[in-house]
Structure formats: structure tokens, C-alpha cells
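Understanding the architecture of this molecule
Here's the letter readout for the chains.
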Amino acid sequence: AVIDKKSFDKISEYLGDAKKNATIVAGGGAKGDEGYFIEPTIVETKDPSYRLMCEEIFGPVVTAYAYPDNKWHETLEIVDKTSPYALTGAIFATERKAVREATSALRNAAGNFYINDKPTGAVVGQQPFGGGRASGTNDKAGSILNLMRWISPRAIKETFAPARAFEYPFMSEE
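To keep things clear, this report deals only with the structure shown in the data block.

1. Thoughts on the overall build of the protein chain
The helix and strand tally for the protein chain stands at 5 helices and 9 strands. Secondary structure elements of the protein chain, listed N to C terminal, follow the sequence α-β-β-β-β-α-β-α-β-β-α-β-β-α. Here the protein chain holds 174 residues, and 25% of them are scored as buried. Across the protein chain, contacts joining residues at least 24 apart in sequence account for 47% of those joining residues at least 6 apart. For the protein chain, the exposed surface amounts to about 12700 Å²; the carbon and sulfur share of it is 56%.

2. A word on the sheet that holds strand S1 (residues 23-26)
Read from one edge of the open sheet, 3 strands run S1-S4-S5, paired in mixed fashion. Single-partner strands in this sheet number two, and they are S1 and strand S5 (61-64). Taking each pair of neighbouring strands and ignoring which way they run, the sheet shows an average axis angle of 30°. Looking at chain direction, S1 and strand S4 (residues 41-44) are connected through 3 bridges and run antiparallel. Paired with Thr-23 across the strands is Glu-44, a residue of S4. Each of S1, S4 and S5 touches helix H1 (residues 5-21); the most contacted strand, S1, lies at about 110° to it.

3. What about the nonpolar core?
Soluble globular proteins tend to pack their nonpolar side chains together in the buried interior. Val-2, Phe-8, Ile-11, Tyr-14, Leu-15, Ala-18, Ile-38, Val-43, Tyr-50, Leu-52, Ile-57 and Val-61 together form the largest nonpolar core, which totals 12 residues. Of all the elements, H1 adds the most residues to this core, at 5 residues. Setting aside anything within four residues of it in sequence, one finds Tyr-14 in contact with Arg-51, Leu-52, Glu-55, Glu-56 and Ile-57. Core analysis: the second largest hydrophobic core is formed by 9 residues, Trp-72, Leu-76, Ala-102 and Ala-109 among them.

Here is what the cut-offs are and how they apply
Residues numbered from 1 in each chain as written. Predicted model: local features only at pLDDT ≥ 70, side-chain atom pairs only at ≥ 80, totals over all residues. Heavy atoms only, no water. Helix = DSSP H or I, 4+ residues; strand = E, 2+ residues; numbered from the N terminus. Buried < 20%, exposed > 50% of the residue type's maximum accessible area, 1.4 Å probe, protein only. Contact = heavy atoms within 4.5 Å. Areas by Shrake-Rupley, 256 points an atom, 1.4 Å probe, with all protein chains shown as cover. Pairing = 2+ DSSP bridges. Axes fitted to C-alpha atoms, helices over the stretch in contact; angles between N-to-C directions. Core = buried A, V, L, I, M, F, W, Y, C linked by side-chain atoms within 4.5 Å.

Have a look at this one:
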């Protein structure tokens, strides 16, 4: 179930686009006669800049693009530049070098970045959560980082034994 008719209509439109311009691997159904239900859906695309890869859908729709094995670096660049959104991302890899490269290359592509774990389900109060770019200001709800957005820190220094001279030895005549 999705939250309301507006959301249902928007996700249904994405599914219609996927039926015309990509391949629905599983799911793809939408029923709005009693409630608003979208079938969990997996879409495959051959185009890494296909709209379902670039836009935030907020429904049970996942779009996959299988990149060529020999295009790892180019693929990282595509991921970083394809979408204005940067809410959540994940990488699954066994090679530490690949993990380090992806973590660095995608540092601005996801407010929350997961390594070898599902990219959903951050628990407020246990794991900070917040997106960057067009997905938000990257405030991390559930952590001290979120509070920093709402404060204006300042430093105050008070001296009870003021200096009696201001000269520095290097300023004196030789």
C-alpha cells in the first residue's frame, strides 16, 4: 500500500513508463479500486540515465542497470553524475580496493552510504539519516549533527588576569 491516491498515480505512471521503455522483471501491477496498492517491482534498463534511475519514486520499485565489468571507474562516474538526488546508496563488493574507490567516488552521491548491507531501514536514534543534493540538506536526523543545524554556536573568552604588556620579544630593539 502507498500513502494516498496522488502517490499511487505517480508510481503507476512510472510503471507505465517502465512497461514502454524498459523491462519489468517482476511485479509491475497497480490496484487502486480499494486502497492504493503497488506490487513490489523490479525494472531492468539498458540506459544508466533512464528516468527511473534518476528520480526518487518513493514506492516499491527498484530499477537495475547491469554495468559492464570492465567499466568500473566509468560506472562510478555515471552513478555520481546521473541524478540530482542523493538520499541513500549502497555497494556490494568483496575487494577492499573496490570498496575504497566507491566510497571516495560516491562521497557526494548518497547522504547515507551502505557497504555490503541493504540500503534501507536506518533507525532514528541508532543510525543518523539524511540525504544530500536535491534530497535534503544532509542533516542527520537522530544524531547530534541534526541539532547543529538549529544552533548558532559562539565562543566566549573572559580573562580575569589581563596582560600588563603587549610587547613581544622580537619587537624590541636590538
